[in-house]
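Each chain, written out:
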Amino acid sequence: MKPPVVRARPADPAALGTVFYSPGSRVGGEERRGSRAWLPARAVAFGPGATGRRRPGGGRGGRRPRRSSAMGSRSSHAARIPDVDSIRRETGFSQASLIRLYHRFQALDRNEKGYLSRVDLQQIGALAVNPLGDRIIDSFFPDGSLRVDFPGFVRVLAHFRPVDDEDNGNRDPKEPEPLNSRMNKLRFAFQLYDLDRDGKISRHEMLQVLRLMVGVQVTEEQLESITDRTVQEADEDGDGAVSFLEFTKSLEKMNIEQKMSIRILK
């Protein structure tokens, strides 16, 4: 008997774009034998006005909005970003995107510390309602760090930059793999499950994620059935867990490049 089809809880539709979960996707569904169960999260809103807090001047966030007309040309905006050329090379972001993200970073940094803390990122309304919000926030703070600067902030977001023909055609094979490559997108998704960082997703880790996603929509018995099925179908070596290689194979027919992309991040 097949486990029931369960719809993951949708997050804020005002989020910048779909990253892991598309409306109508099914946990434990039939696409690639349940492969959708691996991508159950929704995008985080990092665009302007996502904190849900009104500025005194009528905008959102903790400070008054800056007037672009008074700031000079786009080049003068970019000049205010530390190491902007290095960040562009590493992340592949356009100058316009970096300027937009820098303004967003400054809006979240309400105390003008020059870095963001977990509390700062928790201002984002879409994260507050995202079942995996805490795990997504953790990805900005690797190795137990307590703050993230602007380069670290955009380095994480670069995983969701859309892939285009120009990226593939002009790439120097001697250069590091782009942060928005298919494999790096998959690595980012994998680490949301692999909490103990042992390189494998255990049955318990998979069950934890699905429990967060579906809440009380199914019984515990049904949830365990979905978990067992998802792990068993991906677990090729029979060790009871899913390695990164097995994870990538289970999603080989899914358009990760599209599903883990935010269109505005060019």
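These numbers were taken from a predicted model, which means no experiment stands behind them. (Residues numbered from 1 in each chain as written. Predicted model: local features only at pLDDT ≥ 70, side-chain atom pairs only at ≥ 80, totals over all residues. Heavy atoms only, no water.)

**Brief notes about the overall build of the protein chain**
Then, number 1: For the protein chain, the count of helices and strands is 13 helices and 4 strands.
Then, number 2: Taken across its 266 residues, the protein chain has 48% of its residues classed as buried.
Then, number 3: For the protein chain, the share of sequence-separated contacts (at least 6 apart) that also reach a separation of at least 24 residues comes to 64%.
Then, number 4: Total accessible area computed for the protein chain in this model is approximately 13500 Å², and 48% of it derives from carbon and sulfur atoms. (Helix = DSSP H or I, 4+ residues; strand = E, 2+ residues; numbered from the N terminus. Buried < 20%, exposed > 50% of the residue type's maximum accessible area, 1.4 Å probe, protein only. Contact = heavy atoms within 4.5 Å. Areas by Shrake-Rupley, 256 points an atom, 1.4 Å probe, with all protein chains shown as cover.)

**With respect to the UniProt feature "domain: EF-hand" (unreviewed entry) in the protein chain**
Then, number 1: Feature annotation in UniProt places "domain: EF-hand" (unreviewed entry) on residues 181–216 and 222–257, given in this structure's numbering.
Then, number 2: Between the first and last C-alpha atoms of residues 181–216 the distance is 35 Å; the span itself is 67% helix and 8% strand.
Then, number 3: Along residues 222–257 one finds 61% helix and 8% strand; the C-alpha atoms at either end are 31 Å apart. (UniProt positions renumbered as here; feature names shortened; annotations may be inferred.)

**Notes on the packing of helix α10 (residues 203–214) against helix α11 (residues 220–234)**
Then, number 1: It is at 9 Å that the axes of α10 and α11 come closest, and there the two elements cross at 130 degrees. As the angle between them shows, α10 and α11 are arranged oblique. Crossing handedness for the pair α10 and α11: right-handed. For the pair α10 and α11, contact is made by Arg203, Met206, Leu207, Leu210, Arg211 and Val214 and by Glu220, Leu223, Glu224, Ile226, Thr227, Asp228, Thr230 and Val231, respectively.
Then, number 2: Along the lines of polarity and charge, the residues of the contact of α10 with α11 split into 7 nonpolar, 2 polar and 5 charged. (Axes fitted to C-alpha atoms, helices over the stretch in contact; angles between N-to-C directions. Parallel < 35°, antiparallel > 145°, perpendicular 65-115°, else oblique. Left-handed = near helix turned anticlockwise from the far one by under 90°. Nonpolar A, V, L, I, M, F, W, Y, C, P; charged D, E, K, R; others polar.)

**A look at the pattern of salt bridges**
Then, number 1: By the definition in use, this model includes 12 salt bridges.
Then, number 2: When the shortest N-O distance is used, the salt bridge between Arg155 and Glu90 registers 2.7 Å. Pair noted here: Arg155 is in helix α7 (residues 150–157) and Glu90 is in helix α2 (residues 84–91), with a separation of 65 residues, a long-range link.
Then, number 3: Looking at Glu90, the relative accessible area reads 39%, which means it is partly exposed. (Salt bridge = Lys/Arg side-chain N within 4 Å of Asp/Glu carboxyl O.)

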